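Structural features, examined
Below, each chain spelled out in residue letters.
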Amino acid sequence: MTTKAFVIGHPIAHSRSPLIHGTWLDEHRIDGTYEAIDVAPADLPEFFDRLRSGEFAGGNVTIPHKEAVFALCDSVDDLARTIGAVNTLIVRDGKVQGTNTDYLGFLGNLDAEAPGWSDGPRDAMIIGAGGAARAVLVALRRRDGGKVHVLNRTLANAQALVDDIDGPFEAHGFDDFARLAPQIGLVVNTSSIGMHGSRFDWLDMALLPKTTLVTDIVYTPLVTPLLAEAQAHGLKTVDGLGMLLHQAVPGFAAWFGVTPEVTPALRQKIEATLVH
């Protein structure tokens, strides 16, 4: 019997997930499908009825549903609860389980592209205080690194985030960047700055140590203004595409029973679909 999985969002046509999972299905010769389904927010409960009927083994959840599906799942694991969002659904015996693999995607990407990045305690800086920042905070806490500084335009939002997730975290406004920069070993942009050509006007890369690693979870464009500036200053960078690829692995394994690999060939295939 064909095993079916999906990604839901609204809109969803832009999603690369069907290409990623379709590649793995072909590679492993699995009798399965993975499709993008546009589900409007009002239609989510009806879609969950389809899940409980056994039509699908599970699937992925993207914007704007990552928070809304929380209330519809029969169970949500502690990890997703801490992050405050669900991006992966697994159906077992008519029950829908929710989890979040974004933190695994983040760690897997850095491990693959910058081996040894978490060796030794180094302070990190996260820019932004939204849902993606929550997943990155959880990931960094798991690696027992140094202190993590969350910088956000609105200080109160950064403070609310660090108060909500227990760990060696501090909240700051953007004006604290210059003071903190000399001690930072990792910079992570989780904000939307960098999309559509927008850039940081307060971030001086020259103040960061030459050993600092800079990464951006935005992957369109692949080289964001932040990464381009970091490269111009001789800093090591990691783009956000790998996070998308690595976060897909646990879901595929749960639905289809095979743990796939993120290969250079897969990355090249997805990269070819991006507008440069």
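Predicted model, so just to flag it, every value in this text is computed and none were measured.

1. Quick word on the overall build of the chain
Helix and strand content of the chain: 11 helices and 13 strands. Relative to the globule expectation of 19 Å for 276 residues, the C-alpha radius of gyration of the chain, 19 Å, shows essentially globular dimensions. Along the three orthogonal principal directions, the C-alpha set of the chain runs to about 60 × 40 × 35 Å. Here the chain, with 276 residues, has 51% of them falling under the buried criterion. Sequence-distant contacts in the chain: of pairs separated by 6 or more residues, those separated by 24 or more amount to 66%. Just so you have it, the chain exposes about 12300 Å², and 51% of that area is on carbon and sulfur atoms.

2. Let's talk about the pattern of salt bridges
Evaluated as defined, the whole model comprises 10 salt bridges. Where Asp-102 meets Lys-66, a salt bridge forms, and the shortest distance between an N and an O atom there is 3.0 Å. Of the two residues, Asp-102 sits in helix α4 (residues 102–113) while Lys-66 sits in the loop between β3 (58–61) and β4 (75–76), which places them 36 residues apart along the sequence. Assessed through its relative accessible area of 12%, Asp-102 is described here as buried. With a closest N to O distance of 3.5 Å, Arg-179 and Asp-176 form a salt bridge. For Arg-179, a relative accessible area of 55% gives the class exposed. Here the residues in one salt-bridge network are Lys-4, Arg-50 and Glu-55, joined through shared partners.

3. Digging into the UniProt feature "domain: Shikimate dehydrogenase substrate binding N-terminal" (unreviewed entry) in the chain
The UniProt entry lists residues 7–89 under the feature "domain: Shikimate dehydrogenase substrate binding N-terminal" (unreviewed entry), expressed in the numbering used here. Helix makes up 31% of residues 7–89 and strand 22%, with an end-to-end C-alpha separation of 10 Å.

4. Observations concerning helix α6 (residues 155–164)
Because the α-helix completes a turn every 3.6 residues, residues three or four places apart line up on one side. Taken together, the buried positions of α6 are Ala-158, Leu-161 and Val-162. The buried residues of α6 all sit within an arc of 90° when viewed along its axis, so they share a single face. Opposite the buried face of α6, by more than 90 degrees, sit the exposed residues Ala-156, Asp-163 and Asp-164. Structurally, α6 contributes buried residues whose contacts are with α5 (131–142), β8 (148–152) and β9 (169–173).

5. Brief notes about the layout of surface pockets
By volume, the largest pocket amounts to about 1200 Å³. Looking at the largest pocket, it is lined by 46 residues, and the ones nearest its centre are Thr-62, Ile-63, Lys-66, Ile-217 and Tyr-219. Of all the secondary structure elements, the ones that give two or more residues to the lining of the largest pocket are β3, α5, β8, β11 (193–196) and α9 (241–247). Top contributing element to the lining of the largest pocket by residue count: α5, with four residues.

Cut-offs used in this document
- Residues numbered from 1 in each chain as written.
- Predicted model: local features only at pLDDT ≥ 70, side-chain atom pairs only at ≥ 80, totals over all residues.
- Heavy atoms only, no water.
- Helix = DSSP H or I, 4+ residues; strand = E, 2+ residues; numbered from the N terminus.
- Rg over C-alpha atoms; globule rule 2.2 N^0.38 Å.
- Buried < 20%, exposed > 50% of the residue type's maximum accessible area, 1.4 Å probe, protein only.
- Contact = heavy atoms within 4.5 Å.
- Areas by Shrake-Rupley, 256 points an atom, 1.4 Å probe, with all protein chains shown as cover.
- Salt bridge = Lys/Arg side-chain N within 4 Å of Asp/Glu carboxyl O.
- UniProt positions renumbered as here; feature names shortened; annotations may be inferred.
- Arc of directions from axis to C-beta.
- 1 Å grid on protein atoms, 1.4 Å probe; cavity = no way out; pocket = protein on both sides within 12 Å on 5 of 7 lines; lining within 4 Å.
- Points joined across faces, edges and corners; volume = space filled by probe spheres on them.

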